[in-house]
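Take a look at the letters that make up each chain.
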Amino acid sequence: MIHLEKIEKVYRTDTVETLALNSISLNVAKGEFLSIMGPSGCGKSTLLNIMGLLDAPSKGEIKIDTQQTTGFSDKQLAQFRNKKIGFIFQSYHLINDLKVLDNVELPLLYRSSTAKQRKELATAALAKVGLSNRVKHFPTQLSGGQKQRVAIARAIVGEPEIILADEPTGNLDSAMGNEIMEILINLNRTEGTTIVMVTHDEQMAKKTHRLVRLFDGSQVQ
Amino acid sequence: MLKNYFKIAIAVLKRRKFFTFISLFGISFTLTIVIVVAALTDHVLSAGYPDTARDRELFVTRMKYKGSKSGSDISAGPSFYFFEHYVSKLKTPEKLALISHNYATSTYINNKKMVTQLSYTNDQFWDVLQYQFLEGKPYTKQEIDNAEKVAVISESTRNNYFGNGVAAVGKYIETDNIQYRITGVVKNVPLSREYFYADMFAPYTLSKEDIHNTDLIGDYTGVLLLHSKDDIDKMKTEYNQMVAKIPMLSKDLDLRFTYADSYLEAFTRGLPFGNGADSGIGKFILIISIFFLLFLSLPTLNLVNINISRIMDRYSEIGVRKAFGASSKTLVYQFIVENLIITFIGCLIGIMLSFIIIQVFNRSNIIPDMELSINFRVLLFSLFACLVFGFLSGVFPAWRMSRMQVVSALKAQ
Ligand SMILES: Nc1ncnc2c1ncn2[C@@H]1O[C@H](COP(=O)(O)OP(=O)(O)O)[C@@H](O)[C@H]1O
Ligand SMILES: [Mg+2]
């Protein structure tokens, strides 16, 4: 599903050059649940962002669903992300000005859909994460775990084949974290969604199919 | 999609109330000034009482001589003689209205001296200009030819001289020691109708100027009324041909300029914009546009600043939208639309404010008898100004925003 070939990422600032990723080659199979671990600053987020086409590698190739994505225009990238990928972030990144339902509808705004369809799909997605009763709330009125569930609903509302989650439980206590983990595992099992998750938690990582460890930008396991 | 933009635009407005206030205040204040100025300009430059047939009128307001060597020039209105001997012979016009400049004459009311602005006219003047007679009628061609001492006075002249609303037709008014019999009273004309404002009108045959003086420079304004507006080009051509045939004044003054102009051309020719054959309309419009843009640029820059700081607030939102499939172009579009929404709210407030100001102005008699209005043209122009304003202030911040790195926007906080 995701095919990375000798990915290298160099961040250049005026004074320093950071090699964030060093020749990473990785295949994620369709329907696989992969976790990525490693110390802080080792390049996990960078790797995930490159997989999600949010950032371009300095060198190397990415294929997603056999599609070569190098050379895509801004618009093509946007459409590709919209159809194929759902993102979940450690700090949720919900839009506080919008109600829960509008937050969840967001990915559907960028594809052809009617207001009615959007509402139906978003309501269904919220039901899947058990938040049917918080539709009209604003994000600031929710707990951390609830916010992350809204974020998951937003990630799955467009039925993407891939979910990329960057420390989705990082800001949550273990009970809430486990809830989130259950939802992701369930999603992977029932819908066959390919999931790549960055985590610091060995327990969480153990529940996934495969674990990749990074150290200083290189793959060590 | 628009509904969603609207939702977020309103939410953003509500979030930073102080910024919203500053933005809206800036927009509505600016717009108020723009609209009031536009209403003033519209009033001055467009047809209105008593000059209602402007689309088939041409104005002859100026006679200028210039020496090509010496560079010296003489410029004033054309003389009565010029109109009588040359212009009135033209074939194209249906009618020719003539009116002299205002003469300040002295009138005594209860031993108190008042200035009465007196203008001399021909008889067709009353056919071309649609003065509204409150009583009586204009003096006739017969009366003019006989040099009878008759006059038409304005409503306020009547009210000052005879008392409010007292009938005046048939009575006499004395100014500069001459008694005039009043044939009619007309509704007041505002001072802003520069050619047609007077307190009192009298036959040109009563003018102290020698109407047989062959000098082409004098103090008259002529209005050529055409059969239809399709005759305008034909009229201008005929006018220019006629002028070319008139002998020059002297060897030193070997260039002569006089034109049959549209009202706007005559207006700009009177300002320092006109130069020789060029009426200066182009320059006038250019300068007005530059002034307009400069005036708008300050509040625009202010709004740009506010918008940029607002965008910084929305860093994460922008990242999220991009991650979930908004292209940079879509985001630019969203932001411009949002800004237009805010601008339009500001503009609505501005329109209401200027409506109030114009009402106050009309009632205040700062310029007597001048009725400003927000008509369709002014409204259209205001909406255009809004659009320009909203667009200018939205484009740059939107462009900045769309270039932001998604990745850094989505960093853990
Ligand atoms: N935009 C950036 N500019 C410069 N250096 C960066 C940038 N983003 C990340 N880095 C550097 O790249 C390395 C990897 O960062 P990241 O992928 O965020 O690590 P992780 O998610 O594993 O904690 C770090 O050394 C970080 O400082
Ligand atoms: Mg990270």
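Everything quoted here is computed from the prediction, not taken from an experiment.

Conventions we followed
Residues numbered from 1 in each chain as written. Chains lettered and ligands numbered in written order. Predicted model: local features only at pLDDT ≥ 70, side-chain atom pairs only at ≥ 80, totals over all residues. Heavy atoms only, no water. Axes fitted to C-alpha atoms, helices over the stretch in contact; angles between N-to-C directions. Helix = DSSP H or I, 4+ residues; strand = E, 2+ residues; numbered from the N terminus. Parallel < 35°, antiparallel > 145°, perpendicular 65-115°, else oblique. Left-handed = near helix turned anticlockwise from the far one by under 90°. Contact = heavy atoms within 4.5 Å. Nonpolar A, V, L, I, M, F, W, Y, C, P; charged D, E, K, R; others polar. Near = heavy atom within 4 Å. Polar contact = N/O pair within 3.5 Å; in protein donor to acceptor, adjacent residues only side chain to side chain. Areas by Shrake-Rupley, 256 points an atom, 1.4 Å probe, with all protein chains shown as cover. Buried area = accessible area lost by both parts, 1.4 Å probe. Salt bridge = Lys/Arg side-chain N within 4 Å of Asp/Glu carboxyl O. Phe/Tyr/Trp six-rings, centres within 6.5 Å; stacked < 30°, edge-to-face > 60°. Buried < 20%, exposed > 50% of the residue type's maximum accessible area, 1.4 Å probe, protein only. Lys NZ or Arg CZ within 6 Å of the ring centre and 35° of its normal. Pairing = 2+ DSSP bridges.

Undergrad: Is there a simple way to explain the packing of helix α5 (residues 144–156) of chain A against helix α6 (residues 174–191) of chain A in this structure?
TA: Geometrically, a packed helix pair is captured by the angle between its two axes and the distance between the axes. All names here are of chain A. Two numbers describe how α5 lies on α6: the axes approach to 9 Å, and their chain directions differ by 15 degrees. Between α5 and α6, the crossing angle belongs to the class labelled roughly parallel. Judged by the sense of rotation from one axis to the other, the crossing of α5 with α6 is right-handed. Of the residues in α6, those in contact with G144, G145, Q148, R149, I152 and I156 of α5 are M176, E179, I180, I183, L184 and L187. A breakdown of the residues in the contact of α5 with α6 according to their chemical character gives 7 nonpolar, 3 polar and 2 charged.

Undergrad: So what exactly am I meant to see when it comes to the site of ligand 1 here?
TA: Taken together, Y11(A), T18(A), A20(A), S40(A), G41(A), C42(A), G43(A), K44(A), S45(A), T46(A) and K411(B) make up the full set of residues near ligand 1. Close to ligand 1, residues of chains A and B are found. T46(A) has a polar side-chain atom sitting 2.5 Å from an oxygen atom of ligand 1. Considered on its own, ligand 1 offers 560 Å² of accessible surface; in the complex 68% of this is hidden by protein. Counting only elements with at least two residues in the shell around ligand 1, the list comes to β2 (17–28) and α1 (44–51) of chain A. The element that contributes the greatest number of residues to the shell around ligand 1 is α1(A), accounting for 3 residues. Along the lines of polarity and charge, the residues of the shell around ligand 1 split into 3 nonpolar, 6 polar and 2 charged.

Undergrad: Even after reading the chapter, I still don't get the interface of chain B and chain A, so can you show me in this structure?
TA: Accessible area lost during the coming together of the parts is what is often quoted as the interface size. Contacts between the two partners involve 28 residues from chain B, matched on the other side by 25 residues from chain A. Summing both sides of the interface, chain B and chain A together bury roughly 2400 Å²; the carbon and sulfur share of this comes to 60%. Inspection of the region where chain B meets chain A yields 0 salt bridges. The tally of links from chain B across to chain A stands at 6 residue pairs in polar contact (both at pLDDT 80 or more). Elements represented by at least two residues in the side of chain B that touches chain A include exactly α1 (2–15), α10 (315–323), α11 (328–364) and α13 (406–409) of chain B. Class assignment of the residues belonging to the side of chain B that touches chain A gives a composition of 13 nonpolar, 8 polar and 7 charged.

Undergrad: How should the packing of aromatic side chains be read in this particular structure?
TA: Ring pairs (aromatic) are described by centroid distance and by the angle formed between their planes. All names here are of chain B. Going through the model one piece at a time under the given rule, you end up with 30 aromatic pairs over all chains. Taking the centre distance of 6.5 Å and the plane angle of 55 degrees together, the rings of F59 and F196 count as tilted. With F59 in strand β1 (residues 57–60) and F196 in the loop between β10 (178–186) and β11 (200–203), this pair connects stretches of sequence that are 137 residues apart. With respect to class, F59 is no different from F196; both count as buried. Chaining the aromatic ring pairs together yields one cluster made of Y49, F59, F125, W126, Y131, F133, Y139, Y195, F196, F201 and Y263. Between the NZ or CZ atom of R54 and the centre of the ring of Y263, over which it lies, the distance is 3.5 Å. The lysine or arginine in question, K187, covers the ring of Y49, its NZ or CZ lying 4.6 Å from the ring centre.

Undergrad: What is the right way to read the sheet that holds strand β3 (residues 73–78) of chain B from this model?
TA: Either a parallel or an antiparallel arrangement is found when strands of a sheet pair, and the pairing is made through backbone hydrogen bonds. Residues and elements named next belong to chain B. Read from one edge of the open sheet, 4 strands run β12-β3-β2-β14, paired in antiparallel fashion. Single-partner strands in this sheet number two, and they are β12 (217–218) and β14 (255–257). Sheet analysis places β3 next to β12, joined by 2 bridges and oriented antiparallel. Bridge pairing in β12 places P78 opposite I217.

Undergrad: Where do I start with the environment of P138(B) in this structure?
TA: All names here are of chain B. One can find P138 in the loop between β7 (133–136) and α5 (141–145). Taking the relative accessible area as the measure of exposure, P138 reaches 25% and is therefore partly exposed. In contact with P138, not counting residues within four places along its chain, are W126, F133, V152 and T183.

Undergrad: Any chance you could explain the pattern of salt bridges here in plain terms?
TA: Any two side chains of opposite charge can pair if their charged atoms end up close together. Residues and elements named next belong to chain A. Within this structure, the stated rule accounts for 24 salt bridges over all chains. One salt bridge in this structure joins E105 and R118, with 3.8 Å as the shortest N-O distance. With E105 in helix α3 (residues 100–109) and R118 in helix α4 (residues 115–128), the pair connects residues that are 13 residues apart, well separated along the chain. For the residue pair E105 and R118, the accessibility class agrees, reading buried in each case. Taking the shortest distance from any N to any O, the salt bridge between R149 and E179 comes out at 3.7 Å. Taken as a pair, R149 in helix α5 and E179 in helix α6 lie far apart in primary sequence, 30 residues in all. On the accessibility criterion, R149 (16% relative accessible area) is buried. Each of K30, D65, K84 and E161 takes part in one network of salt bridges that share partners.

All quantities given are derived from atomic positions and should not be read as evidence of function.
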